[in-house]
Amino acid sequence: MKLKGFVLALLGLLLALVGLVWVLVPAGSRQGEIRSAGDTMRVGDKFATLVVVLRPTTLFDVVNERTRYGVDLVLHEVADVSRFEVVPIVMRGEEMKLRNEAKLFGADGRRVWLYADTLVGIDLSTKQRVGFEELSRANPSLAKFWVEESKFYSVGGNEQKLRVKVGDARQFELDPGTLVARAYEEEKWAKAKDSAESQKQWAEYNEKMSMFGVGPEVFFWKGGLGADGSWFGLMSREEAGKVEEFGAPSGRAIRGGKTSGLWKVSGKDATRVCEVEYLDAGLLREVKSARPLKLEGPEGYLVMHQSRLGKDGTLLLTRVDMSGKKLWEVNTGIGKLDQVLPDSKHLGLVGDQPKVMIGVDLVDGRISQEEFSLTPMK
């Protein structure tokens, strides 16, 4: 009986100590701090974000800050980003290792591929995961050659497949359906057969180079040619005065605290479309082409511009038709923009100040949002 009493007393003391630890652990660390690991990507009808999460502390947890972090894949619906699904990838691990290695590669049409503490492929329909074990079954000869470092994996190619470099430096692409690896080589420019083909290659090269860059600024575009050969876009009055000599401006819009309006250029003639001036403005650019994204029903474009200069300024979106008429305008509330994820129907925006994911229906301007970097996931 004395032994039993002693055991009960000891158990009570341990529970009291655990309870004391629970009280002393800061409340914020129990709520699940979330930080994105790299950029958000559009994968099918989802916006995919890989996040490193400080897991909530439970009453029976051993408080170990080094192993209380995990990795989740968050899939927001493109049509309504307030609706999302969380796919746990790593339940607990060392914070620095996860932060250094966590990387989202992209999707191959069936799976989204990522690296956390190991390579993982998540089926977008079933959420079933595959890794080195499944890849080895599909490719027995490569079973001993997988490399456990994120830098040896990517998603690329004309058809978007997982690309791997194995231990002996061979390179393979994985078939999305069978996971069977096939050797590949990096795409190279073919030698031009004639002058016309050479000019075409240079035009393609210059287009790609004009789109090169990092950050949201690459999606703010001056304007582009329409089907009738005329140019439609944003210019200052000073730029419009130089059209006869230099032609319509091209490339990205340099946002340096200036206003511009909508103009149409035919030949050497510049005509003002409407009298509205936009601050620090650009037309939303297509994802893979150096031209503004043409919207339909009715024809028009999306003007992205600032509400005012300074730290209190926020990003405004205005949809216009070809006459410059405003169809709708919304204030996103984003002071510092981190990412632009274009599409002809739904635009994705990731803000840094505040840290928020925003989805915009480009038909009617309806906005959905989720402060996914600030609050625990649902």
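Everything discussed here concerns the structure shown above.
First, a word on scope: everything that follows refers to the structure included in this document. From a predicted model like this one, the values you see are computed outputs, not experimental measurements.

### Focus: the overall build of the chain
Next up, step 1: Per the secondary structure count, the chain includes 7 helices and 26 strands.
Next up, step 2: With 378 residues in all, the chain has 44% of them scored as buried.
Next up, step 3: Taking the intrachain contacts of the chain between residues at least 6 apart in sequence as the baseline, contacts between residues at least 24 apart amount to 46%.
Next up, step 4: A total of about 20,700 Å² of accessible surface is found on the chain, and carbon and sulfur atoms cover 54% of it.

### Here's the deal with the sheet that holds strand β26 (residues 367-370)
Next up, step 1: An order of β23-β24-β25-β26 is seen for the 4 strands of this open sheet, with the pairing classed as antiparallel. Looking along the sheet, the strands with just one partner apiece sit at the ends: β23 (336-341) and β26. Here the average twist between neighbouring strands, direction ignored, is 25°.

### So, the sheet that holds strand β7 (residues 111-115)
Next up, step 1: Spatially, the 4 strands line up as an open sheet ordered β6-β7-β8-β9, and their pairing is antiparallel. At either margin of the open sheet sits one strand with a lone partner, and together these are β6 (103-107) and β9 (129-130).
Next up, step 2: In the sheet, strand β8 (residues 119-123) pairs with β9 via 2 bridges, with the strands oriented antiparallel. Counted as the bridge partner of Gly121 is Val130 from β9.

### What to know about the pairing of strand β12 (residues 171-174)
Next up, step 1: The pairing of strand β11 (residues 161-165) with β12 spans 3 bridges and is antiparallel. Looking across to β12, one finds that Lys165 is bridged to Gln171.
Next up, step 2: The antiparallel pairing of β11 with β12 creates a hairpin that spans 5 residues between the two strands, and Ala169 there sits at a positive phi of about 75°.
Next up, step 3: With 3 bridges joining them, β12 and strand β13 (residues 181-183) adopt antiparallel strand pairing.

### Describing the layout of surface pockets
Next up, step 1: Within this model, the largest pocket holds a volume of roughly 1,200 Å³.
Next up, step 2: The wall of the largest pocket is formed by 27 residues, among which Phe219, Arg285, Val287, Lys288 and Leu341 lie closest to the centre.
Next up, step 3: At the level of secondary structure, the elements contributing two or more residues to the lining of the largest pocket comprise β2 (41-43), β6 and β23.
Next up, step 4: Residue contributions to the lining of the largest pocket peak at 4 residues, all from β23.

### Structural notes on the packing of aromatic side chains
The way to describe two aromatic rings as a pair is by their centre distance and the angle between their planes.
Next up, step 1: A complete count under the given rule lists 4 aromatic pairs for this structure.
Next up, step 2: Ring centres of Tyr115 and Tyr153 lie 6.2 Å apart, and the angle between their planes is 25°; this geometry places the pair in the stacked category. Of this pair, Tyr115 sits in strand β7 while Tyr153 sits in strand β10 (residues 153-156), and the two are 38 residues apart along the sequence. The pair formed by Tyr115 and Tyr153 is uniform in burial state, with each residue classed as buried.
Next up, step 3: Geometrically, the ring pair formed by Phe132 and Trp146 is stacked, given 6.1 Å between the ring centres and 25° between the ring planes. Of this pair, Phe132 sits in helix α4 (residues 132-138) while Trp146 is found in the loop between α4 and β10, placing the two residues 14 residues apart along the sequence.

So, how was this worked out
Sequence order as written defines residue numbering, which begins from 1 separately in each chain. Local features in a predicted model are, by the rule used here, given only for residues with pLDDT of at least 70; side-chain atom pairs are given and counted only at 80 or more, and totals for whole chains, interfaces and linings are based on all residues. Computation of side-chain values: all heavy atoms of the structure, hydrogens and water removed. A run of H or I in DSSP counts as a helix once it spans at least four residues, and a run of E counts as a strand once it spans at least two, with each numbered from the N terminus. In this scheme, a residue with accessible area under 20% of its type's maximum is buried, one over 50% is exposed, and one in between is partly exposed, where area comes from a 1.4 Å probe on protein chains only. Residue contacts are defined here by distance: any two heavy atoms, one from each residue, within 4.5 Å place the two residues in contact. Here the accessible surface of atoms and residues is derived via Shrake-Rupley with a 1.4 Å probe, and residues count as covered only by protein chains that are part of the display. Here, strands pair whenever DSSP counts at least two bridges between them. The axes used here are C-alpha line fits, helices contributing only the stretch in contact, and every angle between their N-to-C directions lies in the interval 0 to 180 degrees. Only protein atoms enter the 1 Å grid used here, on which a cavity is any set of points holding a 1.4 Å probe that cannot leave and a pocket is any open set flanked by protein within 12 Å on both sides along at least five of seven lines; residues with an atom within 4 Å of a point are listed as lining. Grid points are joined across faces, edges and corners, and a volume is the space filled by probe spheres set on the points. Two rings from Phe, Tyr or Trp (for Trp, the six-membered ring) form a pair when their centres are within 6.5 Å of each other. A pair whose planes differ by under 30 degrees is stacked, one over 60 is edge-to-face, and the rest are tilted.

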